[in-house]
Amino acid sequence: MTALGFLYPGHSAEDDYPRMEQLLGSDIRVDLIHTDIGEDAHRVDALREMGSAERLAAGMEGLRLAGAETVVWACTSGSFVHGWDGAQDQVRNLARLAGMPASSTSFAFVHAARELGVRRVAVGATYPEDVAALFADFLAAGGLEVTGMRSSGIVTAAEVGTWEEEDVLTLARAADVADAEAVLLPDTALHTAAHLSLLEKALSKPVLTANQVSVWEGLRLADRRVNAPTLGTLFTREPLVQA
């Protein structure tokens, strides 16, 4: 059994995680602890506070008690708003606190793109434009080129959590551009686990979503790869351990 730990802010699309645990179809356990979201606002100051060391530390005891082997801060905006260096500091502090390998969803996007061998990406962001621009800057620092960007301007995670399949598909299509090798949907408040096959079929290219890459990152930290095609192209790479 491989136990993956996730710190997830508030309550929006957390049901993606047990869904993905089921779809992995192997000896993978997904443990999720909710952290205090503070003010639910896609605003830079609020997002920096949401990802503060104090808030993350408060969630770690539950993951340790659950026996997690790795931990991922499952929040994209609460990591990339600190910039590349600040997000690295955030992860290093989390690893020291947890006593286990750690990462965040922002780094998961960069690592997943590298896994797929893609460099040019399009971004469909639920965030306001200024926050979405910070994600593009983060991706650029990780060696990716953002060739298309669509911002929905949504202020709260609560609203994002109400989006259904057609809303997600509309955002992905609006973001996509011809020269993008993959489309990225960066909000962990967005339900996507059930829609990945549809998204990739509609766009005819890999789609990387926040909760999807977070779980993949947890597996990467644990030196596990699982072949689970329903979770998208990212989960069809040659596995280190076959499900």
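Data block above holds the structure.
First things first, this report covers the structure right here in the doc. For clarity, every value in this text was computed on a predicted model and none was experimentally measured.

Next up on the list: the packing of helix α3 (residues 53-66) against helix α5 (residues 83-98). The contact between α3 and α5 brings their axes to 10 Å, and the two run at 40 degrees. Overall, the two elements α3 and α5 adopt an arrangement that is oblique. In terms of crossing hand, the pair formed by α3 and α5 is right-handed. Along the contact surface, α3 presents Leu-56, Ala-57, Met-60 and Arg-64, while α5 presents Gln-90, Leu-94, Leu-97 and Ala-98.

Another aspect to go through is the nonpolar core. Core analysis: the largest hydrophobic core is formed by 82 residues, its most contacted members being Leu-24, Val-71, Leu-139, Leu-184, Leu-185, Leu-208 and Phe-235. No other element matches the 7 residues that helix α6 (residues 105-116) contributes to this core. Not counting the four nearest positions on each side in its chain, Phe-235 is found in contact with Leu-24, Gln-212, Val-215, Trp-216, Leu-219, Val-226, Asn-227, Ala-228 and Pro-229.

A word on the sheet that holds strand β4 (residues 102-104). Judged by pairing direction, the sheet is parallel, and its 4 strands sit side by side in the order β2-β1-β3-β4 without closing on themselves. Pairing within the sheet leaves two strands with one partner each, and these edge strands are β2 (28-35) and β4. Averaged over neighbouring strand pairs, the angle between their axes works out to 25 degrees when direction is ignored. Note: strand β1 (residues 2-9) against β2, 8 bridges, orientation parallel. Residue pairing in the sheet places Leu-4 in a bridge with Val-30 of β2. Each of β1 and β2 is contacted by helix α1 (residues 16-24), which is oriented at about 170 degrees to β2, the strand it contacts most. Those strands touched by α6 are β3 (70-73) and β4, and its axis lies near 85 degrees from that of β4.

Cut-offs and rules
Residues numbered from 1 in each chain as written. Predicted model: local features only at pLDDT ≥ 70, side-chain atom pairs only at ≥ 80, totals over all residues. Heavy atoms only, no water. Axes fitted to C-alpha atoms, helices over the stretch in contact; angles between N-to-C directions. Helix = DSSP H or I, 4+ residues; strand = E, 2+ residues; numbered from the N terminus. Parallel < 35°, antiparallel > 145°, perpendicular 65-115°, else oblique. Left-handed = near helix turned anticlockwise from the far one by under 90°. Contact = heavy atoms within 4.5 Å. Core = buried A, V, L, I, M, F, W, Y, C linked by side-chain atoms within 4.5 Å. Buried < 20%, exposed > 50% of the residue type's maximum accessible area, 1.4 Å probe, protein only. Pairing = 2+ DSSP bridges.

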